[in-house]
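Spelled out, the chains give:
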Amino acid sequence: ALFSQNTASLISLYMIIVPLTIYALTFVVRRLRDIGLTKWKIIAVIIITLIPQTNLIIALLNLIIYGYLIFKKGKYETIA
């Protein structure tokens, strides 16, 4: 076999994690632009959300950020 079972499972795990991380980052950037934050605030929020969730405080901070982004009304409205 070319790869061991651990290596193959690790590669397949990264094949799932990397696209989901990219999708999450694009969601955060789109919502922050929709809300009307400046570029520096967008960069700060992105850095906060990229911190590994190793303890409860960071996990709760990310949960608060995502909850805010989901329920905050956008600055611009679409014209129907």
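So, here's what we can say about the structure. Note that the structure is a prediction, hence the values are computed from the model and not measured.

What follows deals with the environment of L61. Its place among the elements puts L61 in helix α3 (residues 56–71). Spatially, the C-alpha atom of L61 lies 8.4 Å from that of I48, the residues being 13 residues apart in sequence.

Here we come to the layout of surface pockets. The calculated volume of the largest pocket comes to roughly 190 Å³. Lining the largest pocket are L20, T21, A24, L25, T49, L50, I51, P52, Q53, N62 and Y66. Elements with a minimum of two residues in the lining of the largest pocket: α1 (5–35), α2 (39–50) and α3. By residue number, the principal contributor to the lining of the largest pocket is α1, which donates four residues. Taken together, the residues of the lining of the largest pocket break down into seven nonpolar, four polar and no charged.

On the surface, a cluster of nonpolar side chains totalling about 540 Å² of accessible area is made up of L10, L13, Y14, I17, V18 and I22. Examined against the element boundaries, I22 turns out to sit in helix α1.

Cut-offs used in this document
Residues numbered from 1 in each chain as written. Predicted model: local features only at pLDDT ≥ 70, side-chain atom pairs only at ≥ 80, totals over all residues. Heavy atoms only, no water. Helix = DSSP H or I, 4+ residues; strand = E, 2+ residues; numbered from the N terminus. 1 Å grid on protein atoms, 1.4 Å probe; cavity = no way out; pocket = protein on both sides within 12 Å on 5 of 7 lines; lining within 4 Å. Points joined across faces, edges and corners; volume = space filled by probe spheres on them. Nonpolar A, V, L, I, M, F, W, Y, C, P; charged D, E, K, R; others polar. Patch = residues over 30% accessible without salt bridge, like charges linked within 9 Å, V, L, I, M, F, W, Y side chains within 5 Å. Areas by Shrake-Rupley, 256 points an atom, 1.4 Å probe, with all protein chains shown as cover. Salt bridge = Lys/Arg side-chain N within 4 Å of Asp/Glu carboxyl O.

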